[in-house]
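One-letter residues, chain by chain:
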Amino acid sequence: MSFLKSICIYIRILIDKTIDFIFSLYWEGKKQVIPDLEKRHAFLAESATSLARKIKNKELKSETLVQAMIERMKQVNPLLNAIVADMYETALEEAREIDRQIAQGLSEELANKPFLGVPFTTKESQGLKGMPTTMGLWCRRNERASEDSEAVIRLRKAGAIALATTNLPELLIWQETRNPVYGQTNNPHHTGRSPGGSSGAEAALSATYATAISLCSDIGGSTRMPAFFCGLFGHHPTAGTTNTKGSFYRTGEEDSMYCLGFISKHVEDLGPLTKIVAGDKADLLKLDRNVDCKDIKFYYIESSNDCHVSPIQPEIKDAMNRVIKKLQEDFGTTAEPYHHTGFDSMYSLWAHSMSAEPGDFTTMLVNGKDRVNGFKELGKKMLGLSKYCLFTIMRVLEMQVLPAPNKEWAEKTISSMKEDLFSKLGGSGVLLLPSSPTAAPYHYSPVLRPYNFSYWGHVNTLKCPATQVPLGRNSDGLPIGIQVLAAPYNDALCLSVAKYLEKEFGGAIMACDIKK
């Protein structure tokens, strides 16, 4: 069996290399270079926390910040196709009003707004009154939000200014950011590659200094995948702690894997931003907990045995090994290997968990008016008549044709895995987990490797916190990294380890430089 397994792995590696080679023949010739950031706008590289502090101290005007960000967006968006609707004029008016109030004297009310005068962007699936909410669906191309989502309300109360909404895949489910309404978003590190999904546009803007705060959501890696592909930090909080009302059809009352999170260039922003969208549940996450990394127990998984997923590429394994070696050198600790059979069925367990999520995917695709037939849409696609992307049709066919995972087996496995893993981690342990078998793939190639998101999706199945951490580039110049996972409500552990790794491994991998 071991011999046959080795043969299968080598065959899969050969297939993956062949796929990459074939797609490279087209996409390598499409690569475009992102322009460097002007020196006069170098402050766009700072954290949102730092920018807010400067605005309060009258070292930087909110209007100056918003105007600089608008200019940067206009500069990079033609290459990225990340922004789908903007609020530039409204944002400038809000910024001027904030500057006026600060000039009259910083009141206690303003001082207590943690992100005063700092602009934010969010996926188009997040309710922003008057702005489009197509969810990437052609049948919703004229839909507009009637009110702000709860997360947007809370960010506004924290002083942040809404600046633009960004692209997404149809119904937020895919490893690329593409839809029939707005088209395709590109990875800023290589415009012929995917920035990830469904928050790929947010990550693309952040990696080019074009947004300070990126509000995201995550049900299968939608925050962490784009963070990985674009070289950034991304935090997925403990499930059930962020208010999702007004985001992607949610009322905020659902028992769900779906939760809000943020992508950032700086770890220091992730905790304060998570507190805002967690609201009265923020205390559950223990984000103010003082954590010393030398007191943390480390476990790691080098790779999964899930046959749905490609083998982990050597350079990504090397990144994990560099972290383990550094922990040994700095803290004298030995990271212990971990395994549970649940990690050998990551995709199947996520698929089962998705079946318990609210809403019928095939009905949501037609805005609740009917139900999509996968075979019919595939036929229309072959004739160029379908209004859905191929990956969406594949998802429908999977749900309508393939047998669902055995419910009893899935629930028993998930329960066993949670009990075993979380009892080991407790309140002082983290699991270092691969992010993906590969760095950012070429556009359209994920159709041939649809399950490679499973390392991210498995975190959603576990409903626990995880932080995506960049760890440099591979030999192709693409960002790589790992996830840091903790038991539920131990988000502070993830962020503390991420902060340590940020310092030791150089932090975010930006897609361009700042002009000298």
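Residues numbered from 1 in each chain as written. Predicted model: local features only at pLDDT ≥ 70, side-chain atom pairs only at ≥ 80, totals over all residues. Heavy atoms only, no water.

Colleague: Would you mind showing me how to read the overall build of the protein chain here?
Modeller: Scanning the protein chain from N- to C-terminus turns up 17 helices and 13 strands. Taking 24 Å as the expected radius of gyration for a compact globule of 516 residues, we find that the protein chain reaches 22 Å, a close match to that expectation. Counting only C-alpha atoms and orienting by the principal axes, one finds that the protein chain spans roughly 75 × 60 × 45 Å. Residues counted as buried form 60% of the 516 residues belonging to the protein chain. By sequence separation, contacts in the protein chain at least 24 residues apart represent 78% of the contacts at least 6 residues apart. Looking at charge distribution, the protein chain has the averaged site of its 59 positive side-chain charges lying 3 Å from that of its 58 negative ones. (Helix = DSSP H or I, 4+ residues; strand = E, 2+ residues; numbered from the N terminus. Rg over C-alpha atoms; globule rule 2.2 N^0.38 Å. Buried < 20%, exposed > 50% of the residue type's maximum accessible area, 1.4 Å probe, protein only. Contact = heavy atoms within 4.5 Å. Lys, Arg positive; Asp, Glu negative; His and termini not counted. Charge placed at Lys NZ, Arg CZ, Asp CG, Glu CD.)

Colleague: Sorry if this is basic, but what is going on with the packing of helix α6 (residues 150–157) against helix α9 (residues 267–278) here?
Modeller: Two packed helices can be described by the angle between their axes and the distance between those axes. Packing of α6 against α9 brings their axes to within 8 Å, and their N-to-C directions diverge by 120°. As far as their axial angle goes, α9 and α6 are oblique. At the point where α6 passes α9, the crossing takes the right-handed sense. Facing Ala151, Arg154 and Leu155 of α6, the residues of α9 in contact are Leu273, Ile276, Val277 and Ala278. Grouping the constituent residues of the contact of α6 with α9 by class yields six nonpolar, no polar and one charged. (Axes fitted to C-alpha atoms, helices over the stretch in contact; angles between N-to-C directions. Parallel < 35°, antiparallel > 145°, perpendicular 65-115°, else oblique. Left-handed = near helix turned anticlockwise from the far one by under 90°. Nonpolar A, V, L, I, M, F, W, Y, C, P; charged D, E, K, R; others polar.)

Colleague: Is there a simple way to explain the state of the cysteines in this structure?
Modeller: Put plainly, a disulfide is one covalent bond tying together the sulfur atoms of two cysteines. Summed over the entire model, instances satisfying the criterion amount to zero disulfides. Considering cysteine sulfurs only, Cys8 is the nearest to Cys307, which forms no disulfide, with 8.9 Å between them. Take Cys307: its relative accessible area is 65%, and that puts it in the exposed class. Unpaired in terms of disulfides, Cys389 finds its nearest cysteine sulfur in Cys139, a separation of 13 Å. (Disulfide = S-S within 2.5 Å.)

Colleague: Can you help me understand the sheet that holds strand β13 (residues 479–486) in this one?
Modeller: Pairing between the strands of a sheet comes from backbone hydrogen bonds, and it takes one of two forms, parallel or antiparallel. Read across the sheet, 11 strands follow the order β1-β3-β2-β6-β8-β7-β12-β13-β11-β9-β10 without closing on themselves; strand pairing throughout is mixed. Single-partner strands in this sheet number two, and they are β1 (83–86) and β10 (336–337). Across three bridges, the pairing between β1 and strand β3 (residues 161–166) is antiparallel. Looking at β3, one finds that Asp86 is bridged to Ala164. (Pairing = 2+ DSSP bridges.)

Colleague: Looking at this structure, how should I read a nonpolar patch on the surface?
Modeller: On the surface, a nonpolar cluster with roughly 490 Å² of combined accessible area is contributed by Phe3, Leu4, Ile7, Ile11 and Ile15. With respect to the element layout, Ile7 can be found in helix α1 (residues 2–27). (Patch = residues over 30% accessible without salt bridge, like charges linked within 9 Å, V, L, I, M, F, W, Y side chains within 5 Å. Areas by Shrake-Rupley, 256 points an atom, 1.4 Å probe, with all protein chains shown as cover. Salt bridge = Lys/Arg side-chain N within 4 Å of Asp/Glu carboxyl O.)

Colleague: When you look at the packing of aromatic side chains in this model, what are you seeing that I'm missing?
Modeller: Each aromatic ring pair is described using two quantities: the centre-to-centre distance and the angle formed by the ring planes. This structure, assessed with the given rule, holds 14 aromatic pairs. With centroids separated by 6.3 Å and ring planes inclined at 15°, the aromatic side chains of Trp27 and Tyr444 adopt a geometry described as stacked. One end of the pair, Trp27, is in helix α1; the other, Tyr444, is in the loop between β11 (429–434) and α16 (454–462), and 417 residues separate them in sequence. On the basis of relative accessible area, Tyr444 is assigned to the partly exposed category, the value being 41%. Members of the aromatic cluster, each reached through a chain of ring pairs, are Tyr347, Trp350, Tyr451 and Phe453. The lysine or arginine in question, Arg250, covers the ring of Tyr258, its NZ or CZ lying 4.6 Å from the ring centre. Between the NZ or CZ atom of Arg395 and the centre of the ring of Phe361, over which it lies, the distance is 5.9 Å. (Phe/Tyr/Trp six-rings, centres within 6.5 Å; stacked < 30°, edge-to-face > 60°. Lys NZ or Arg CZ within 6 Å of the ring centre and 35° of its normal.)

Colleague: How do you make sense of the packing of α9 against helix α17 (residues 491–505) when you look at a structure like this?
Modeller: It is at 9 Å that the axes of α9 and α17 come closest, and there the two elements cross at 160°. By the angle between their axes, α9 is roughly antiparallel relative to α17. Once α9 is placed against α17, the crossing between them reads as left-handed. Contacts from Val267, Glu268, Leu270 and Gly271 in α9 reach Leu495, Ala498, Lys499 and Glu502 in α17.

Colleague: Looking at this model, I keep getting lost on the pairing of strand β2 (residues 119–123). Mind explaining?
Modeller: Looking along a regular strand, one sees the side chains alternate between the two faces of the sheet. Extensive coverage of β2 is indicated by the burial of five of its five residues. Pairing of β2 with β3 involves five bridges; the strand directions are parallel. In the sheet register, Thr122 faces β3, and the bridge partner there is Thr165. Chirality of the crossover, the property in question, places the unit of β2, α6 and β3 among those that are right-handed. In the sheet, β2 pairs with strand β6 (residues 213–218) via three bridges, with the strands oriented parallel. By the bridge assignment for β6, Thr122 is matched with Leu215. (Right-handed = clockwise from strand over helix to strand, strands pointing away.)

Colleague: How should the side chain of Asp306 be read in this particular structure?
Modeller: Position of Asp306 relative to the elements: it lies in the loop between β9 (297–300) and α10 (314–331). Although Asp306 lies buried, it forms no salt bridge, and the closest oppositely charged side chain, Arg12, sits 7.6 Å away as judged by the N-O distance. Look past the residues within four positions of Asp306 in its chain and what remains in contact with it is Phe343, Asp344, Ser345, Met346 and Tyr347.

Colleague: For this particular structure, what's the right way to read the environment of Pro311?
Modeller: Mapping Pro311 onto the fold places it in the loop between β9 and α10. Spatially, the C-alpha atom of Pro311 lies 19 Å from that of Leu349, the residues being 38 residues apart in sequence. Setting aside its immediate chain neighbours within four residues, Pro311 contacts Ile9, Arg12, Ile13, Asp16 and Pro437.

Colleague: Help me out: how do you make sense of the nonpolar core in this one?
Modeller: The nonpolar side chains of a soluble globular protein tend to be buried, and buried together. Within the largest apolar cluster, 158 residues are counted, with the highest numbers of intra-cluster contacts made by Ile213, Phe343, Leu432 and Leu485. Not counting the four nearest positions on each side in its chain, Leu485 is found in contact with Leu421, Leu425, Gly429, Val430, Leu431, Leu433, Val459, Leu462, Cys464, Pro465, Ala466 and Cys494. (Core = buried A, V, L, I, M, F, W, Y, C linked by side-chain atoms within 4.5 Å.)

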